[in-house]
Amino acid sequence: MRKVFQAELHQIGEELIEISQLVSEAIQKADSAFRGADTELAQEVIAADARIDFLQNALDERAIDVLALQGPVASDLRMIVGALRMSASLERMGDLARHIAQLARLRFPANVVPERIRPIFDELADLDFQIATKVTELLETRNLELNSEINAANARVNELHASVFRAIASEDWNESAPTAVDITLASRYFERFADHGVSVSRKVTYLVTGEWHPSAPLT
């Protein structure tokens, strides 16, 4: 029974990694669709989100079955409860990538972002992809040194997100109201994507150390 239990825990870990890999692919493709007003690629991201949702549901069902049948304690219990929470964050990251792709499709053939602030969104997307790939590496290796890199990228995302609002509030802003709404939403999607990446990294730290400090900075 113990071998079966350990195999179930391993499978849960592997499924988390798979979901994280799909999320990385989703944000990369969503960004390409967003930058290039590519409706075909946007539709690909939108359709692929169903796979992330399916895997999250399957992982959660597996984890709940293990909780019910095995009665895990201590570190094993942390692993299962942490996996349930991480799968929810990863699923939400997939949703946010889908929202970005949907914006690109909605405004086709135009680009969502005006040229004047495009560099901000290019950097936001690059940082989100960095966070997503580092989260996958963290899930694979449990190397907590990656936390500082994830946290630093997230801090920069927050700065860029704030700069979007400053741009919209500036006196020389002359874009349309729908454009202002679109870029506000897009900036929020990128910012929340990064936040969920940080949330996953905090939970990996909890799995490894058993310590939970939700408001403390990652190091």
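So, a few notes on the structure that sits alongside this text. Every residue gets a number counted from 1 within its own chain, in the order that chain's sequence is written. Under the rules for a predicted model, residues below a pLDDT of 70 receive no local features and side-chain atom pairs below 80 are neither given nor counted, while totals for whole chains, interfaces and linings still include all residues. In computing side-chain values, all of the structure's heavy atoms are included and hydrogens and water are not.

**Thoughts on empty space enclosed by the protein**
Under the convention used in this document: The distinction between a cavity and a pocket rests on a 1 Å grid over the protein atoms alone: a 1.4 Å probe fits inside a cavity but cannot get out, while a pocket stays open yet meets protein on both sides within 12 Å along at least five of seven lines, and a residue with an atom within 4 Å of a point counts as lining. Grid points are joined across faces, edges and corners, and a volume is the space filled by probe spheres set on the points. Segments assigned H or I by DSSP are reported as helices when at least four residues long, segments assigned E as strands when at least two residues long, and all are numbered from the N terminus. Residue classes follow a fixed rule: Ala, Val, Leu, Ile, Met, Phe, Trp, Tyr, Cys and Pro count as nonpolar, while Asp, Glu, Lys and Arg count as charged, and any other residue, Gly among them, counts as polar.
Throughout the structure, instances matching the rule amount to 1 cavity of 30 Å³ or more. Lining the largest cavity, in full, are Asp 31, Phe 34, Arg 35, Asn 111, Val 113, Arg 118, Phe 121 and Asp 122. When contributions to the lining of the largest cavity are tallied by element, the ones reaching two or more residues are α1 (2-36) and α4 (118-141). Of the residues belonging to the lining of the largest cavity, the class tally is 3 nonpolar, 1 polar and 4 charged.

**Observations concerning the side chain of Ser 89**
Put simply, the rule reads: Throughout this description, buried means an accessible area under 20% of the type-specific maximum (1.4 Å probe, protein chains only), exposed means over 50%, and partly exposed covers the range between.
Among the structural elements, Ser 89 can be located in helix α3 (residues 74-107). With a relative accessible area of 7%, Ser 89 lands in the buried category.

**Considering the packing of α4 against helix α6 (residues 177-209)**
Applied cut-off: Every axis corresponds to a line fitted to the C-alpha atoms, with the helix fit spanning only the stretch in contact, and the corresponding angles, defined between N-to-C directions, vary from 0 to 180 degrees. Roughly parallel covers angles under 35 degrees, roughly antiparallel covers those over 145, roughly perpendicular covers 65 to 115, and oblique covers all other angles. In this scheme the handedness of a crossing depends on how the near helix is turned from the far one: anticlockwise by less than a right angle means left-handed, clockwise means right-handed. Whether two residues are in contact is decided by their heavy atoms, any of which lying within 4.5 Å being enough.
For the pair α4 and α6, the least separation of the axes is 10 Å and the interaxial angle reads 20 degrees. Judged on the interaxial angle alone, α6 and α4 are roughly parallel. Where α4 crosses over α6, the two elements pack in a sense that is left-handed. Residues Phe 121, Leu 124, Ala 125, Asp 128, Ile 131, Ala 132, Val 135, Leu 138 and Leu 139 of α4 touch α6, and the partners they reach there are Ile 183, Ala 186, Ser 187, Phe 190, Phe 193, Ala 194, Gly 197, Val 200, Ser 201 and Val 204. When grouped by side-chain class, the residues that make up the contact of α4 with α6 number 15 nonpolar, 3 polar and 1 charged.

**With respect to the pattern of salt bridges**
How we decide: Between Lys or Arg on one side and Asp or Glu on the other, a salt bridge is scored when a side-chain nitrogen of the former is within 4 Å of a carboxyl oxygen of the latter.
If you walk through the whole model with that rule in mind, you get 19 salt bridges. With a shortest N-O distance of 3.3 Å, Asp 172 and Arg 116 are connected by a salt bridge. With a gap of 56 residues between them, Asp 172 in the loop between α5 (146-169) and α6 and Arg 116 in the loop between α3 and α4 connect regions that are remote in the sequence. Judged by its relative accessible area of 38%, Arg 116 is partly exposed.

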